[in-house]
Amino acid sequence: MKRRKDLRTGIAALGILSLIAVGSVSATPTEAAWTEPEYAAGTAITAVSLEKPTIRTCQAGSVLGLLITSLSFSWTSTMPIERQQHYLNGTLGTVLPTITGPVNGVYTYSVSYNQGLLTLLLSLLTAEVQIEVRTGAGSWSSSTDHWEARKVLLGTACGPA
């Protein structure tokens, strides 16, 4: 009888220890899962930080301050050209930026639009142009830097929006 009681006590203790061990091991939540064996086996994954670019200069030309007829601006970014996106009034820019650098890991990008390109891109000459730059990768993008070019009495002004 004693042997049976010791056996039951041992099984009960083993059961309790098993429950404690299983309870302390939990699944770690994840935002991604792979079914391909080479990914599931622990292949290294790298992430890219999409840093916000910074607009540095802006110049707009006009006809007697009535309409913006040309626009040039530049920005800096630590990301290469394939990650750069610039928008005029919400429309993706069509001019490929020129590049300077990198200097200390920072590139400078510049674009210029003349009257014909502005007319084509914005469908009309305008009194105000919203400028946005950001870096992007696929459907991901950084924060956006916003500036605007606007007409003023007999001229134009460019600056942060």
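Residues numbered from 1 in each chain as written. Predicted model: local features only at pLDDT ≥ 70, side-chain atom pairs only at ≥ 80, totals over all residues. Heavy atoms only, no water.

Engineer: Help me out: how do you make sense of the sheet that holds strand β6 (residues 106-113) in this one?
Structural biologist: The strands that make up a sheet pair up through hydrogen bonds in the backbone, lying either parallel or antiparallel. On the basis of which strands lie adjacent, the open sheet formed by four strands has the order β1-β2-β6-β5 and antiparallel pairing. The open sheet has two edge strands with one neighbour each: β1 (54-63) and β5 (98-103). Across the sheet, the mean angle from the axis of one strand to that of its neighbour is 10°, orientation sign disregarded. In this sheet, β6 lies alongside β5 in antiparallel orientation, the contact comprising four bridges. Counted as the bridge partner of I99 is Y109 from β6. (Pairing = 2+ DSSP bridges. Helix = DSSP H or I, 4+ residues; strand = E, 2+ residues; numbered from the N terminus. Axes fitted to C-alpha atoms, helices over the stretch in contact; angles between N-to-C directions.)

Engineer: Where do I start with the environment of S110 in this structure?
Structural biologist: Residue placement: S110 occurs in strand β6. Residue S110 is classed as partly exposed on the basis of its relative accessible area of 28%. The spacing of S110 and S74 is 36 residues in sequence and 4.2 Å in space, taken between C-alpha atoms. Discounting chain neighbours no more than four positions away, the residues touching S110 are F73, S74, P97 and T98. (Buried < 20%, exposed > 50% of the residue type's maximum accessible area, 1.4 Å probe, protein only. Contact = heavy atoms within 4.5 Å.)

Engineer: Could you clarify how one ought to interpret the packing of aromatic side chains in this entry?
Structural biologist: When we look at a pair of aromatic rings, we describe it by the centre distance and by the angle of the planes. Taken as a whole and judged by the stated rule, the model has three aromatic pairs. By the ring-pair criterion, three or more aromatic residues cluster together here, those being F73, W75, Y107 and Y109. (Phe/Tyr/Trp six-rings, centres within 6.5 Å; stacked < 30°, edge-to-face > 60°.)

Engineer: Would you mind going over the state of the cysteines with me for this structure?
Structural biologist: The term disulfide refers to a covalent linkage connecting the sulfur atoms of a pair of cysteines. If you walk through the whole model with that rule in mind, you get one disulfide. A sulfur-sulfur separation of 2.0 Å characterises the disulfide bridge that pairs C58 with C158. In this pair, C58 sits in strand β1 while C158 sits in strand β10 (residues 155-160), placing the two residues 100 residues apart along the sequence. Given a relative accessible area of 25%, C158 falls into the partly exposed group. (Disulfide = S-S within 2.5 Å.)

Engineer: Explain the side chain of T76 to me, please; I cannot follow it from the model alone.
Structural biologist: Within the element layout of this structure, T76 appears in strand β2 (residues 67-77). On the basis of relative accessible area, T76 is assigned to the buried category, the value being 14%. Within polar-contact distance, the side chain of T76 engages the side chain of R56 at 3.3 Å. If we skip the residues at most four places from it in the chain, T76 touches P53, T54, R56, V106, Y107 and T108. (Polar contact = N/O pair within 3.5 Å; in protein donor to acceptor, adjacent residues only side chain to side chain.)

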